[in-house]
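# Inside the fold
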Amino acid sequence: MDAARLEHFKQLLVSDLRRHARQVSDEQANAIDSANDGAKESADLALRDVVSELALNLGERESQMIADIDQALLRIKEGSYGLCVRCNRQIDERRLEALPTARYDSDCQTAIENERRVARPTL
Ligand SMILES: [Zn+2]
């Protein structure tokens, strides 16, 4: 994926993050904006600080979403964003548009859901 596409998905993730932050306080949302605005290297660090603080202030379900966004931002930084963590194939960009935190391509997602469905009756 080229740098411009990565930046696009990063902004999608950050705006998701901001939306969650606003539920905590405007202050948290502003902190994300300023962390995202700063000079590149320190901005990444500042953003991570805001994310961990945010996770502390949210309920379990919201914290999980924040963690997913955080993981996706980390994958952007590491250069593995957009690759399926199960089969390592490129995830369809339309899928990423709809779900920027997606870790699996649709084939693997379906396979995983099928495995769960099969596993459930034995529980
Ligand atoms: Zn896959």
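Residues numbered from 1 in each chain as written. Predicted model: local features only at pLDDT ≥ 70, side-chain atom pairs only at ≥ 80, totals over all residues.

Another point: the environment of Leu 47. Along the polypeptide, Leu 47 turns up in helix H3 (residues 40-56). On the neighbour-count criterion, Leu 47 (21 C-beta atoms within 10 Å) is buried. Spatially, the C-alpha atoms of Leu 47 and Ala 31 are 8.2 Å apart, while their sequence positions differ by 16 residues. Not counting residues within four places of it along the chain, the set of residues in contact with Leu 47 comprises Ile 32, Ala 35 and Asn 36. (Helix = DSSP H or I, 4+ residues; strand = E, 2+ residues; numbered from the N terminus. Buried ≥ 20, exposed ≤ 12 C-beta atoms within 10 Å, placed from the backbone. Contact = placed C-beta atoms within 7 Å.)

With that out of the way, let us pick up the packing of helix H1 (residues 3-24) against helix H4 (residues 60-78). It is at 10 Å that the axes of H1 and H4 come closest, and there the two elements cross at 160°. The orientation of H1 relative to H4 falls into the category roughly antiparallel. For H1 against H4, the interelement crossing comes out left-handed. Facing Leu 6, Phe 9, Lys 10, Leu 13, Asp 16, Leu 17 and His 20 of H1, the residues of H4 in contact are Glu 62, Met 65, Ile 66, Ile 69, Ala 72, Leu 73 and Ile 76. Looking at side-chain class alone, the contact of H1 with H4 contains 10 nonpolar, 1 polar and 3 charged residues. (Axes fitted to C-alpha atoms, helices over the stretch in contact; angles between N-to-C directions. Parallel < 35°, antiparallel > 145°, perpendicular 65-115°, else oblique. Left-handed = near helix turned anticlockwise from the far one by under 90°. Nonpolar A, V, L, I, M, F, W, Y, C, P; charged D, E, K, R; others polar.)

All right, on to the confidence of the model for the protein chain then. Mean pLDDT for the protein chain: 88, with 92% of residues reaching 70 or above. Within the protein chain, the lowest mean pLDDT, 77, falls on H3, and the highest, 96, falls on helix H5 (residues 93-98). (pLDDT = per-residue confidence, 0-100.)

For helix H2 (residues 26-37), with 12 residues, the first-to-last C-alpha span of 16 Å sits near the 16 Å given by 1.5 Å per residue. Considered for burial, the residues of H2 that qualify are Ala 31, Ile 32 and Ala 35. Down the axis of H2, the sector holding all buried residues measures 100°, keeping them to one side. Seen from the open side of H2, the exposed residues pointing more than 90 degrees away from its buried face are Asp 26, Ser 34 and Asp 37. (Expected span 1.5 Å × (residues − 1). Arc of directions from axis to C-beta.)

Leu 13, Leu 17, Ile 32, Val 50, Val 51 and Ile 69 are the most contacted members of the largest nonpolar core, which has 20 residues in total. Elements with a contribution of two residues or more to this core: H1, H2, H3 and H4. Setting aside residues up to four positions removed in sequence, Ile 32 forms contacts with Val 14, Leu 17, Arg 18, Ala 21, Leu 47 and Val 50. (Core = buried A, V, L, I, M, F, W, Y, C linked by C-beta atoms within 7 Å.)

A positive phi angle is found at Asn 88, which is not glycine, with a value near 70°. Turning to its location among the elements, Asn 88 is positioned in the loop between H4 and H5.

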